[in-house]
Structures are given as C-alpha cells and as structure tokens.
Amino acid sequence: MIKEIYRKITKHKWELGFVENSLSEVLQGEPLRVRWVKHHYTDRWFADPFILNVSDTDIVLLVEEFCYQLKRGRIAKLVIDRETCELKRMKIVLDLPTHLSFPAIYRDHGKVYIYPENHDSGELKLYLYDDATETCQFDRVLCQEPLTDAIYTNLFGEKIIFSTKIPTQNGGELDIYAYNDATSLYELKDSCHFNENIARMAGDFFVVQNDIYRPAQESNHSYGHAVSIQKVSRRDSHVAFEECVRLYSPHPDLQLGMHTFNVFGGMVVVDVKGYVHPGISRILSKVKNLVR
C-alpha cells in the first residue's frame, strides 16, 4: 500500500520544448534557451520528439505518447502553434499491442517513412506515413533484432542503421547495421565502444558547416540523464565520435533528464524529464535514500 502511494506521488513525466539557440551556439556550450510546449493533458505525457513539418504558423511533431491508463507508448502527431507553443491538436497515428516510442523519420523521394522503436516485437519495422489520412502503413522489416532508438541514415554513403539493443541498450556499445542482399535485412557490420554509457542514440544525425554530429543519450547516472553531442569522423574504415558538448535539462522544475535532441526545418526540439509533483517527490526521494 505504502509503495503504491509512493509510486503515484513520485511518478514522472516528460515535456517538450524548442531550442532558440543556433546550432553553433549549442555546440559552443551556451546555456540553452527553450520555449516549452503548453498543453492541458494530465493523464499522459509526450516524449521522443521528431519534427515532421514546419510552416509559418505550425510545427508538427511525431512523438511517443504515453497514457498512464494504457501503460504503454503510442505514436502521436502533435500540431503546435509556432508563435505561442500551444498544442492545437493531437492524433494517434500508430498503435500496436506492444510499446512504441522514438518515431524516427526517414524521407525518401518525397515519401515519409517512420521506424519507431518496438523492441518488444524483436524487430525494427518501417512504416509509410500518409499525411492525408494521418496513418501509418507497414512497409517492411528492416532488422530482426530488438533494437533500441535506432537511426536509419544514408549520410555515410550507404543506407546503414546505428542502434543499441536489448539487453545493453543504455550501455557503451553502439552497433552499425548494413544491408544484406541475401536476406534483404540489415545485419550487424561493426560496433563502436565508449568508456561510459553514451552509446544510445538521442535523435537523428545533423549537419553543421559540412560536419556531421550525433546526439547521444548519457545514461551514466540514470536512463536519459543528459544528451551528448558528438562530432563524427572517419578513422580508416570505422566511424569515430568525439563529444563537443553535454546538455542537461534547462527546465526549472523538470531536472531528472533530457534524452532527445532533433533538428529539422530550422528548428531544434528536445524533451526533459521530471516529477509530476516536483516538491513532494524530491522530499520523499531524499527520505527514501536516507532510509536506505
């Protein structure tokens, strides 16, 4: 009974925000200036934002929507007023019996695909997104492994996948998958090893002045504790990463984590984690640690 009450009081949530700094300022380590998305939902939260579209009036995101009652993630489309940052509309675009998150976007010849994390299924699947109907149609299986927060990209001269996987998804090993003509699947080709828990992707690669950067999740202290922005380089036949800056939650109340950083259409979107009831949750957490 006491444990259940404790869990309810100290439950967490994620919030979304748009970074006002330029990417150059972010890379130089300037404090983040963020406009936070406003919405009236209290029975769910939104995280893992990817930018679908940007117009003069709206910013459209694909996100993980987590409803407390359902206790699993779904993929939702959010339409946000660009001037006020208020959520104008929310629509579930993909719902499966198993948990969905991290709705990464791949654009190809005018078509939009998403490949959300669904490691409970043991596969990474590609879906064709139809904006007219706001639905996702299964296209094909990309990889038959329980990948976590995968990124499918052609920035390196061929279509490859960067991902961690169960059960070491928050560790220090980042795997690279290449296409196998014989199986029509992406299979393990190489691995990158880090001396701390910064392997997991925190969003898609982005380019600044012809240099490629990788946002990564730092999970040394807890899952999604911070974002590590890493410059990408080639060393012989391998890809190498060097951290430029580490980003922590700039939100005054939600200080538990920050684990997504995505760039598209001149915008940068992030998410941050904190307690639903910050004041009492901090007190109870301190008491719990003292008891331990």
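Located above this text is the structure these notes cover.
The structure presented is a predicted model; accordingly, all values stated were derived computationally and were not measured. (Residues numbered from 1 in each chain as written. Predicted model: local features only at pLDDT ≥ 70, side-chain atom pairs only at ≥ 80, totals over all residues. Heavy atoms only, no water.)

Caption draft 1: Structural context of the nonpolar core. If you look at the biggest cluster of nonpolar residues, it comprises 47 residues, and the most contacted ones within it are Tyr115, Ile161, Phe162, Phe205 and Phe241. Not counting the four nearest positions on each side in its chain, Phe241 is found in contact with Phe162, Leu174, Cys192, Phe194, Phe205, Arg214, Gln230, Lys231 and Val232. (Core = buried A, V, L, I, M, F, W, Y, C linked by side-chain atoms within 4.5 Å. Buried < 20%, exposed > 50% of the residue type's maximum accessible area, 1.4 Å probe, protein only. Contact = heavy atoms within 4.5 Å.)

Caption draft 2: Structural view of the sheet that holds strand E16 (residues 211-218). Taken in spatial order, the 4 strands line up as E15-E16-E17-E18 in an open sheet, and their pairing is antiparallel. Strand pairing shows two members of the sheet lacking a second neighbour, strand E15 (206-208) and strand E18 (238-247), which therefore form its edges. For this sheet, the mean angle separating the axes of adjacent strands, direction not counted, is 40 degrees. With 6 bridges joining them, E16 and strand E17 (residues 226-235) adopt antiparallel strand pairing. By the bridge assignment, Pro215 is partnered in E17 with Ile229. (Pairing = 2+ DSSP bridges. Helix = DSSP H or I, 4+ residues; strand = E, 2+ residues; numbered from the N terminus. Axes fitted to C-alpha atoms, helices over the stretch in contact; angles between N-to-C directions.)

Caption draft 3: Fine view of the sheet that holds strand E13 (residues 173-180). Here 4 strands make up an open sheet; going across it, the order is E11-E12-E13-E14 and the pairing antiparallel. Edge positions in the open sheet fall to strand E11 (147-153) and strand E14 (185-193), since each of these has one partner strand only. The mean inter-strand angle of the sheet, taken between neighbouring strand axes irrespective of direction, is 30 degrees. Pairing of E11 with strand E12 (residues 160-165) involves 5 bridges; the strand directions are antiparallel. Bridged to Thr148 within E12 is Thr164.

Distances and angles like these do not, on their own, reveal function.
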